[in-house]
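Topology and contacts: notes
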Amino acid sequence: MWCWGEGDNAQLGDGGAFDQEVPRQVVGLPECVSVAAGTMGSCALDKRGQVWCWGYGVYGMLGDGGDGPEYARGWPTVVPVTSAVASTVCKTLNCDDGNPCSVDGCDGNGACTHAKAADGKPCGGGNFCHAGTCKWASAIAAGDHHTCALRPDGSTWCWGRNLHGQVGNGGFGGIQAAPGIVVAAKTGVSLAARADTTCAVQAGGGVQCWGGGESCQFGGAPGDQAQAVALQGAKDVVRVAVGTNHLCAVDKLAQTLCVGSNVSGELGIGAASFQPSCALQQAKGSSAAGYPGSIAAGNAFVCTNGGNGIMTFWGSNAQGQLSPFSKATAPAPEALSTAYVSVTAGDDYTCAVTNGKGVVCWGGNAYGQCNGAPSTGSVGFGSATAGTAQTASVVAGKAHTCALGLDKTVKCWGRGDNGQLGNASGPASGVVAVGGLYAVDQVAAGGAHTCALDAAGQVWCWGSNEFGQL
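Residues numbered from 1 in each chain as written. Predicted model: local features only at pLDDT ≥ 70, side-chain atom pairs only at ≥ 80, totals over all residues. Heavy atoms only, no water.

**Things to note about the overall build of the protein chain**
When helices and strands are tallied, the protein chain shows two helices and 35 strands. For the protein chain, with 470 residues in total, the buried portion stands at 52%. Once local pairs closer than 6 in sequence are excluded, the contacts in the protein chain between residues at least 24 apart make up 44%. With the model as given, the accessible surface of the protein chain reaches about 18,600 Å², and the carbon-plus-sulfur share is 54%. (Helix = DSSP H or I, 4+ residues; strand = E, 2+ residues; numbered from the N terminus. Buried < 20%, exposed > 50% of the residue type's maximum accessible area, 1.4 Å probe, protein only. Contact = heavy atoms within 4.5 Å. Areas by Shrake-Rupley, 256 points an atom, 1.4 Å probe, with all protein chains shown as cover.)

**Things to note about the state of the cysteines**
Per the counting criterion, the structure on display carries eight disulfides. Each disulfide pairs two cysteine sulfurs, and for Cys43 the partner residue is Cys53, the sulfurs being separated by 2.0 Å. Disulfide Cys43 to Cys53: torsion about the S-S bond roughly 110 degrees, handedness right-handed. On the criterion of sequence distance, the pair formed by Cys43 in strand β4 (residues 41–46) and Cys53 in strand β5 (residues 51–56) is long-range, its members being 10 residues apart. Two residues share a disulfide in this structure: Cys402 and Cys412, whose sulfurs sit 2.1 Å from each other. Taking the torsion about the sulfur-sulfur bond, which here is approximately 105 degrees, the covalent link between Cys402 and Cys412 counts as right-handed. (Disulfide = S-S within 2.5 Å.)

**Examining the sheet that holds strand β22 (residues 301–306)**
The antiparallel open sheet is built from four strands, whose spatial order is β21-β22-β23-β24. Looking along the sheet, the strands with just one partner apiece sit at the ends: β21 (292–297) and β24 (329–336). This sheet shows a mean twist of 10 degrees between the axes of neighbouring strands, independent of strand direction. As defined by bridge partners, strand β23 (residues 311–316) adjoins β24 across five bridges and the pair is classed as antiparallel. (Pairing = 2+ DSSP bridges. Axes fitted to C-alpha atoms, helices over the stretch in contact; angles between N-to-C directions.)

**Things to note about the pairing of strand β15 (residues 207–211)**
Burial within β15 is extensive, with five of its five residues counted as buried. Both faces of β15 are covered, namely the face carrying Val207, Cys209 and Gly211 and the face carrying Gln208 and Trp210. Two elements, strand β14 (residues 197–202) and β15, share five bridges in a ladder whose sense is antiparallel. Residue pairing across strands places Val201 opposite Val207, the latter belonging to β15. In this sheet, strand β16 (residues 225–230) lies alongside β15 in antiparallel orientation, the contact comprising three bridges. Bridge assignment links Gln208 to a residue of β16, and that residue is Ala230.

**Concerning the pattern of salt bridges**
All told, the structure shown has seven salt bridges when counted by the stated rule. Between Asp14 and Arg24 there is a salt bridge whose closest N-O contact spans 3.0 Å. Here Arg24 lies in strand β2 (residues 20–25) and Asp14 lies in the loop between β1 (2–5) and β2, a separation of 10 residues in the sequence. The class of Arg24 is partly exposed, set by a relative accessible area of 36%. Across the pair Lys408 and Asp441 runs a salt bridge whose closest N-O atoms are separated by 3.2 Å. Of the two residues, Lys408 is situated in the loop between β30 (400–405) and β31 (410–414) and Asp441 in strand β33 (residues 440–445); the sequence distance between them amounts to 33 residues. Of the residues examined, Lys408 reaches a relative accessible area of 35% and is grouped as partly exposed. Ionic contacts of the salt-bridge type, sharing partners, join the residues Asp144, Arg194, Asp347 and Lys398 into one network. (Salt bridge = Lys/Arg side-chain N within 4 Å of Asp/Glu carboxyl O.)

**Considering a negative patch on the surface**
Taken together, the side chains of Glu6, Asp8, Asp19 and Glu21 define an acidic patch exposed on the protein surface. Along the polypeptide, Glu6 turns up in the loop between β1 and β2. (Patch = residues over 30% accessible without salt bridge, like charges linked within 9 Å, V, L, I, M, F, W, Y side chains within 5 Å. Lys, Arg positive; Asp, Glu negative; His and termini not counted. Charge placed at Lys NZ, Arg CZ, Asp CG, Glu CD.)

**Focus on the confidence of the model for the protein chain**
Atomic detail in the predicted coordinates should be set aside for any region of low pLDDT. For the protein chain, the mean per-residue pLDDT works out to 87, and 88% of the residues sit at or above 70. Predicted confidence for residues 82–93 stays below pLDDT 50, and this span has 30 contacts to residues more than four positions away or in other chains. (pLDDT = per-residue confidence, 0-100.)

**Focus on the packing of aromatic side chains**
Using the criterion set out here, one finds six aromatic pairs in the structure. Centre to centre, the rings of Trp362 and Phe381 are 4.6 Å apart; their planes meet at 55 degrees, and the pair counts as tilted. Taken together, the positions of Trp362 in strand β27 (residues 359–363) and Phe381 in strand β28 (residues 379–384) put the pair 19 residues apart, joining distant regions of the chain. Taking relative accessible area as the criterion, Phe381 reaches 25% and is therefore assigned partly exposed. Each member of the aromatic cluster is reached from another via a ring pair, and the members are Phe313, Tyr340, Trp362 and Phe381. Note that Arg151 overlies the ring of Trp157, its terminal NZ or CZ placed 5.1 Å from the centroid. (Phe/Tyr/Trp six-rings, centres within 6.5 Å; stacked < 30°, edge-to-face > 60°. Lys NZ or Arg CZ within 6 Å of the ring centre and 35° of its normal.)

**Re the layout of surface pockets**
Approximately 970 Å³ is the volume found for the second largest pocket. Contributing to the lining of the second largest pocket are 39 residues, with Leu191, Ala192, Ile295, Val395 and Gln442 lying nearest its centre. When residues of the lining of the second largest pocket are traced back to their parent elements, those giving at least two are β9 (139–142), β13 (188–194), β17 (237–242), β21, β25 (340–345), β29 (391–396) and β33. Among the residues forming the lining of the second largest pocket, the class breakdown is 23 nonpolar, 11 polar and five charged. (1 Å grid on protein atoms, 1.4 Å probe; cavity = no way out; pocket = protein on both sides within 12 Å on 5 of 7 lines; lining within 4 Å. Points joined across faces, edges and corners; volume = space filled by probe spheres on them. Nonpolar A, V, L, I, M, F, W, Y, C, P; charged D, E, K, R; others polar.)

**Here's the deal with the pairing of β22**
By the criterion of burial, β22 is predominantly enclosed, with six of the six residues buried. Burial along β22 is two-sided: the residues Phe301, Cys303 and Asn305 and Val302, Thr304 and Gly306 are all buried. Relative to β22, β21 runs antiparallel, the two being bridged by five bridges. If you follow Ile295 over to β22, its bridge partner there is Thr304. Counted between consecutive antiparallel strands, the loop separating β21 from β22 contains three residues, among which Ala300 sits at a positive phi close to 75 degrees.

Here it is as structure tokens:
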């Protein structure tokens, strides 16, 4: 849904309170069937019969219990009583056998009881079935100036800057402002991106990549690729991590294999070199560290979180991103018996989710990307980030960080001069909540923009749009 015009009472639902001369998308709405616009507020009816309202809330006009001359909502909130009513209304799921609920019956949750269609089947509106729901996307990834989404049918679509071919449209240069399919991409199951490179793990265990390849990170020979090409030597791969000028893949044997630049020892083979490797090489002792629950690659460093509770790090430690190790570089993996749930890497810092569902970060903190408070020095290993309790996952961009909560909401901190924190007011101190997002399944942080994938398969983006990456 899109609104425009007078917006000083937040009645446009775009998270702000400003007039808009061009249409602005209303944030956080599910699929709706009708809308009503009042003088200072708006309401919409969704397919399940729930009513959502936003704008000025004096006299209780939003129906959410709020009142008063200063009360307003910049994004939709559901009218509570309508949520209870909607649960008793039988709705037609998009991914079904095509018969109406009146024919096949309705279960106690208000859903049709007939058989669901298989994943990947078209279900209208350019969407595809995914786990019983009609969705546009099933996974997302963000580079410095581009964004990619994995569709439920296994195809990959990208948009944004294409200087190095990172949107995969078969050419170089220019800006692709709308999503387009990646040329020659096979069926994918997961995505990873950083800088100007994207890679996708294929259903059969292979890997395809496109975009910046000047450091030989695609194997074979150095050079950018304007369409998806096979990562040479990759097989039985289960996950991949893309660094600034290198990448690493984990296979079914728990081996971590890396390729590309090795200036700071980021390949983990025991020695650094100014000559990049054009073939995948196993990081020393990687299989002994246990099957990585997660792997992340930053600017010339890699970190993994083993399923056996062992973390490993290698590569550059210029900002303490490999802490507590004191050496400037670690050309071979260094093991640390610290059990974290997952790990992520920014340009020069590392963050992890603890077993207590909080976030800890260490390394460079010039923009507050570790703890929300900018500092000239590095942040020490395992430093807690205040305001991140009950976190499900964390992602690091170039210099900003976002956490997905167990309640499916998003919080961000760090560099925010391009709006990438989602707080509608630029740079901020501390951790800030991203307004207007509900039921988020995944977050991706890029160079100066951020995107979120919600439970309905919709992709929401904010921050810099200089190259059409939103």
